[in-house]
Structure formats: C-alpha cells, structure tokens
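Single-letter residue listing:
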Amino acid sequence: MSLLSIAARNLLRNKFRTIFTVLGAAVAVLAFVFIQTMLTSWSAGVEFAAKDRIATRHKVSMILPLPKRYADTIREVPGVKHASYFQWFGGVDPKDKNNFFANTAVESKTVFDIYDEMVVAPEDKARWLADRQGAIVGAVLAKKMGLKVGDRVTLQGTIFPGDWQFNVSGIYTASRRSIDQSQFFFHWDYLNESVPEPQRDQVAWISARLDDPTRSAEVSAAIDRIFDEKDVQTATMSERAMNLSFMAMFSAVLSALDAVSIIILVIMVMILGNTIAMGVRERTREYGVLRAVGFQPKHVGLFILGEALTIGVLAGVVGLGISYPLVELMFGRFLEENMGGMFPYFRIAPMTMVAAVLLAVTLSVVASLIPAYRAAKLSVTDALRRVA
Amino acid sequence: MGEGQREGKKPIVELDGVGKTYFRDKEPVVVLDNISLDIEEGSYEALMGPSGSGKSTLLNLIAGLDRPSRGSARVAGQELSGMSDSALATFRSRTMGFIFQAYNLMPVLTAVENVELPLLLTKLSRGERKKRAQTALRVVGLEERMNHYPRQLSGGQEQRVAIARAIVNDPRIIVADEPTGDLDRKSADEILTLLEKLNKEFNKTILMVTHDPQAAERATVIHRLDKGNLS
Ligand SMILES: Nc1ncnc2c1ncn2[C@@H]1O[C@H](COP(=O)(O)OP(=O)(O)OP(=O)(O)O)[C@@H](O)[C@H]1O
Ligand SMILES: [Mg+2]
C-alpha cells in the first residue's frame, strides 16, 4: 500500500464521475488531436515541398497565361536541370459535379522529371505516352470514382467548353507526402490541338528543377530578369514559397483553429478541476485523519495531485485510443479522398500524440493545484469537523 | 516507559494558563479561558462537561492538532505553542494515538491497511509494516477481520480497528474524543475494556472526552470543564 495506490482507489469510489470525467477530457484530447492534425497536414505541403523545385507564373496573376515557348527559355537558364509546363483544365465529372479534383494538362515527356515523387508503373507510362487521350489518375481519385486502367472517362470542360474524352492509362501513387493522390493528368498536346486558335500555345505555369536547391532564389530571380523586357513578365518562386503564399490566404482560418484548440484545453482544465474539487470536498475529513495521524501538508497535496495525475494519464490514453480510429481512419480517409488538395496526407503526427498525452497530464495537474493547495493548508481540526 | 522515567516525575502533559480564542466574523469567542492541568504518564483521565464547553478544543490542543492562543502547553517534553504545522505533524505521528467518535476509517482501505496507514510515514519495510498492523489488530481482537472493509464491519468493530490504528506506532499518549458516543452499551463496554487494557498492560496515557458517566467511571481521574474553565 502507498499513498498513490490509495489515490487510485479513491478514483474508483465514484466510478461514474471518474468515467465521465475521463471521457470528457478524452473528447477534448480527440478535438485537440483532430485540429492539430488538420493544421499539420495543411502545412505538409510546405514542409514536404521539394526544395529544388521552382514555379514560374504570370507576374500579375496566377490565372493569366504564359506563352508555352517560355519553357524552352527557362530550360536554357544556368542551374536549371529540367522544366515542364502545365495548364489548368478545370473539368468536372458530368455524373457527379460536386466531386472536385484537380485536372491538369501536362507536358508529357518532362512531367515525371519534375514530379519524380509520382510513382507510375513503366507499362502504364508507356501506354499513356502512346495514347493521345490517355490520362494518369491518382490512386485515391481512381478508388473514389471506381476507375481502372482501360476505362473511358468524360470530363465536362469549364474553362475549355465541351465534353472531353479520356482513357485511363495508368494510376499513380506518391512516394512523398506532398503529392495529392486525387489529381488527374493528361497530355497538353491533346488540349492544345482541340482549342480555338487564340487559346493555343498557352500554359498556366512552368515548373523547373534545379541542380542546386540552395540557389533557388538566385535562379528564380535570373528567370524573371530574362522575361522583364518581354511582353509578358513572370513571377518565379520556390514550390515552398508558393505553398506558403497559398497557406497565407488561409492564415485567419489557421489562427481560428489554433484558438479553438486553446479553448478546448481550457474546457478540459475546467472539467478536470471540477471533478477534483468535488472529490477533495467530499474527502476533506479523510485528509484531516491523514493529517492527524502525522501526514504532512505536502503529503495531502501530493495525494490529490496523484489522483489528478491518474485521471490525466487515463484521459490521454483513452483520448488517443479514440482519436486513432476517428481521426486517422474515418476523417482522415474522408478528407484525403474529398479534399486531397488541402489535406494530401491526413495522419496523426507522433508529436501530436505526445503533445496530447502530455497536455492531458499537465493540465490535470494544473487543474488540481488549487484544490491540492487548499486541502494541504486546511487546519486539521477544521478538516476533522467537516461532515462528508 | 523508558523515556518517561528519564524525565523523572515530570508530568507528560503540562498545561499552564492555556487559552483558546476563535474568531467568528471578527468577533472573538473565548472557548478556553485559563486552563492549567497536569497529567501524569500512565494515567487514564476523563474529561466531562456540557456540550460546547470546549472539551474537544482542549483535547485537540493537548494532542497537537491545534495551537493554544495563549499559555504554554508542554506535552511529552515538547512545547507545542510555537511549533510549525509540519513539526506538529511529526510530533503527532511519534507521540499520539487518535480515537474519534466517528471512527474515521478510510473506506477504500481494508482493516489491516487502515491500521498500517500511520506506518507509511516510517522507514519500516512493507513486510514489517504489515506485521505490526496485524499485531495491533490482534490486540483489539480483530485479526481474523483484517481483510474486511469498514463497511463490512459493525460500529464496535470499526472502533476497534481505529484503536488498533491508534496504537500501531506505539504512542505514549492516546486521545479519544467520545469514543463510545456512537455505540450501543455492549460495544461501548468492549471499547472501554480495551482502553483499560491499553492503559494497564501497555502503560499508555489515555485522555478521553466523554458524556457517558459509566465511561468516565473507568478513568482514574475525571476533569470537569465548564464554559472554558476546569472546575
Ligand atoms: N474552528 C472554530 N471556529 C469557531 N468556533 C469554534 C471552532 N471550533 C470550536 N468552536 C466553538 O468552540 C466551542 C467549543 O467547541 P468544542 O467542540 O470544543 O465543544 P465540546 O465541549 O467538544 O462540545 P461537544 O460536547 O458538543 O462535542 C463551541 O461553541 C464551538 O462552536
Ligand atoms: Mg466535542
């Protein structure tokens, strides 16, 4: 027998209260884990962005086109290893118009030099290159739309009107977490041949890979300088900087989520503090007995901290236990399938798990500090006089 | 015992002009006025008086649960009036055994664990603690109930467990505040017999507050308290 084991037994005295408190705090842990995972997966695009990749777009706006020939100019810039151009397509599935996914026209022979973390089987790649209407589809999107190699797909153009026919040539997966696996790629040539004359030979952006990632700022500046005297000027930045500027648009949402997480933690302290204070109040007389037989004020304080610690550990463990299936298996799969662009990789980070358990433990101790201090300071005769 | 002899014939409790004033809404309430009292080691003394006369307050001062507002209280050779909370706790754990009217056992602990509780403060090994707790339970005749929880015991049995807890650290003084107040006659007599045995066989100094004249009869000395003064 030890003081800690007595503290643990005290928790079993009011099983319902303990269970509800642990569950309440566990739900707070779940909410915390969910929000933190959302934030980390959102920033995964920045964190996992290839450091040696830069993108060039129209200086004025992302939606204005660049001439396709700029890609050839960029390929000649010293320090550039590969370059490839891209065009937004913006097609929708006529059968399910709410199913948004990125669909992009790409330069067939160079795209995999740029996005080498897209994993495609060699035979799929060969099939794609051989088929003018061929498309490469992300594994998550393919699963969602029920597509397999050889299927025919029709997309309705929004930027480029009409019904567009494609054949699924291959499925890609990702070897790094930065790539959204619900995209749809097809040959830029196919698009270019089919659009009216004024829209020909246009691209939305040009991506390049560099020999030396540390020189990305320098090379970006060099590229923009070349086009400064041309009729269309460019803005070039690293993939990381681009993702950051994209995220900056959502910074208000991110801070709001952070604030919600803090509110959740405050609620958790209140739930825990309430339970602990109730237990302490009911057991005041017992603390008086402990003090009478010679236990020190600090023993009583530690005794109460011990109870709080036990609740905190339980809440942390139970919270993580429910977070894994809910956040990672249910929400995570749903978000990756439906909002893969924003959450390409929705998994609970190890740091989040550690933080959740540590917070549950620390906050329950914090919540018990005042009741513990007051119980320790109580006069023995007052405590003994207290009727439970 | 040994220590008592070394102090010669000095009483184990010496109160000199002890008073206790509580403040209720800033109004002073004099609960103990001016108490001077000596108690010899090994005696068995009862404290009687009307409700509210300050019996429990006086007992608590002697036991080191509270400090006097004035005067000097020397118990077992130590002056209690200036001691810190923590020093008082140490004093209690070495010198005092407590018996309360409401038994005050920990409901989550078995009989033997309740008895062992004060020993958690000592350096004794787990096995030694358990052995001593069992011995104390044997003294009160409850060894076979050692694994029962308080709710599984009768009031008289609970009080005997409480007595075992009070003697497990071998204190020189046992204070009992209405130890038979909640018990029927038969159980009360058992408890009183037990206290007598502790006094006679183990030479414990016993100070007992009681309303029950039959209980007080067992003591060698009866003090009467009225409105904060001994009469
Ligand atoms: N902490 C306190 N604060 C204020 N007044 C107190 C406090 N403790 C005791 N008193 C008052 O002191 C008086 C004596 O109390 P005490 O408990 O010593 O009486 P008692 O003789 O033991 O009575 P009883 O026989 O009812 O147990 C009572 O009027 C009580 O209200
Ligand atoms: Mg009383």
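Under an unreviewed UniProt entry, chain B has the name Methionine ABC transporter ATP-binding protein and belongs to Chondromyces apiculatus DSM 436. In its Sequence similarities (unreviewed entry) section, UniProt records this for chain B: "Belongs to the ABC transporter superfamily. Macrolide exporter (TC 3.A.1.122) family."

Chain A is annotated in an unreviewed UniProt entry as ABC-type antimicrobial peptide transport system, permease component from Chondromyces apiculatus DSM 436. Per UniProt, chain A carries the Subcellular location (unreviewed entry) text "Cell membrane".

> Break down the domain arrangement of chain A for me, with residues and values.
Residue and element names in this part refer to chain A. Here the domain parsing of chain A yields domain 1 (3-45 + 250-385) and domain 2 (53-211). Domain 1 and domain 2 are separated by 48 Å when their C-alpha centres are compared. In this assembly, 7 residues from domain 1 lie in contact with 8 residues from domain 2. Across the domain 1 to domain 2 interface the summed buried area is about 730 Å²; carbon plus sulfur atoms make up 52%. Applying the counting rule to domain 1 against domain 2 returns 0 salt bridges. In this assembly, domain 1 and domain 2 are joined by 0 residue pairs in polar contact (both at pLDDT 80 or more). A breakdown of the residues in the side of domain 1 that touches domain 2 according to their chemical character gives 2 nonpolar, 3 polar and 2 charged.

> Please give an account of the packing of aromatic side chains that cites residues and values.
Residues and elements named next belong to chain A. With the rule as written, the count across this model stands at 23 aromatic pairs over all chains. For the ring pair Phe-112 and Trp-128, a centre distance of 5.8 Å and an interplane angle of 75 degrees mean the geometry is edge-to-face. Remark: Trp-128 occurs in helix α5 (residues 122-130) and Phe-112 occurs in helix α4 (residues 111-114); sequence separation between them is 16 residues. Trp-128 shares its class with Phe-112; the two are buried. Considering the side-chain rings of Tyr-287 and Phe-303, the 5.8 Å spacing of their centres and the 85 degrees angle between planes classify their relative orientation as edge-to-face. A residue pair is termed long-range when its members are at least 10 positions apart, and Tyr-287 in helix α11 (residues 284-292) and Phe-303 in helix α12 (residues 297-338) qualify at 16 residues.

> Account for the interface of chain A and chain B, with residues named and values stated.
The interface is formed by 23 residues belonging to chain A together with 28 residues belonging to chain B. Interface area for chain A against chain B, summed over the two sides, is near 2,300 Å², with a carbon-plus-sulfur share of 63%. Our count for the chain A to chain B interface comes out at 1 salt bridge. A salt bridge links B:Glu113 to A:Arg9, with the shortest nitrogen-to-oxygen separation between them at 2.8 Å. Viewed at the interface, chain B and chain A are joined by 7 residue pairs in polar contact (both at pLDDT 80 or more).

> Which residues make up the layout of surface pockets, and what are the values?
Approximately 800 Å³ is the volume found for the second largest pocket. Lining the second largest pocket are 34 residues, and of these A:Arg385, B:Ser56, B:Thr57, B:Asn60 and B:Asp177 sit closest to its centre. Of all elements in the fold, only α14 (380-385) of chain A together with β1 (13-24), β2 (27-39), α2 (55-63), β6 (96-99) and β7 (173-177) of chain B reach the threshold of two or more residues within the lining of the second largest pocket. Ranked by residue count, the leading element in the lining of the second largest pocket is α2(B), at 6 residues. Its residues placed into classes, the lining of the second largest pocket shows 15 nonpolar, 12 polar and 7 charged.

> Give a description of the nonpolar core that names residues and reports values.
Membership of the largest hydrophobic core comes to 53 residues, with the highest contact counts inside it found for A:Ile6, A:Val33, A:Met268, A:Tyr287, A:Phe303, A:Ile304 and B:Leu117. Of all the secondary-structure elements, those providing two or more residues to this core are α1 (3-13), α2 (15-47), α10 (251-282), α11, α12 and α13 (350-377) of chain A. Here this core takes 12 residues from α2(A), the largest share from any one element. Residues B:Val140, B:Leu183, B:Ile191 and B:Leu198 belong to the second largest nonpolar core, which totals 39 residues.

> Got a sec to walk through the side chain of A:Arg53? Specific residues and values, please.
All names here are of chain A. As for its position among the elements, Arg-53 is in strand β1 (residues 53-58). Residue classification places Arg-53 among the buried positions, given a relative accessible area of 2%. Side-chain polar atoms of Arg-53 contact the backbone oxygen of Ile-114, separated by 2.9 Å. Residues in contact with Arg-53, not counting those within four places in the same chain, are Ile-114, Tyr-115, Asp-116, Glu-117, Arg-176, Ala-208, Arg-209, Ser-238 and Glu-239.

> Talk me through the packing of helix α6 (residues 155-167) of chain B against helix α7 (residues 185-202) of chain B; I want residue IDs and the actual numbers.
All names here are of chain B. Relative orientation of the contacting elements α6 and α7 amounts to 15 degrees, with a least axis distance of 9 Å. Taken together, α6 and α7 sit at an angle that is classed as roughly parallel. Seen from above, α6 lies across α7 with right-handed handedness. Within the contact between the two elements, α6 uses Gly-156, Gln-159, Arg-160, Ile-163 and Ile-167 and α7 uses Ser-187, Glu-190, Ile-191, Leu-194, Leu-195 and Leu-198. In terms of residue class, the contact of α6 with α7 is made up of 6 nonpolar, 3 polar and 2 charged.

About the criteria used
Residues numbered from 1 in each chain as written. Chains lettered and ligands numbered in written order. Predicted model: local features only at pLDDT ≥ 70, side-chain atom pairs only at ≥ 80, totals over all residues. Heavy atoms only, no water. UniProt positions renumbered as here; feature names shortened; annotations may be inferred. Domains from an automatic or database assignment. Contact = heavy atoms within 4.5 Å. Buried area = accessible area lost by both parts, 1.4 Å probe. Salt bridge = Lys/Arg side-chain N within 4 Å of Asp/Glu carboxyl O. Polar contact = N/O pair within 3.5 Å; in protein donor to acceptor, adjacent residues only side chain to side chain. Nonpolar A, V, L, I, M, F, W, Y, C, P; charged D, E, K, R; others polar. Phe/Tyr/Trp six-rings, centres within 6.5 Å; stacked < 30°, edge-to-face > 60°. Helix = DSSP H or I, 4+ residues; strand = E, 2+ residues; numbered from the N terminus. Buried < 20%, exposed > 50% of the residue type's maximum accessible area, 1.4 Å probe, protein only. 1 Å grid on protein atoms, 1.4 Å probe; cavity = no way out; pocket = protein on both sides within 12 Å on 5 of 7 lines; lining within 4 Å. Points joined across faces, edges and corners; volume = space filled by probe spheres on them. Core = buried A, V, L, I, M, F, W, Y, C linked by side-chain atoms within 4.5 Å. Axes fitted to C-alpha atoms, helices over the stretch in contact; angles between N-to-C directions. Parallel < 35°, antiparallel > 145°, perpendicular 65-115°, else oblique. Left-handed = near helix turned anticlockwise from the far one by under 90°.

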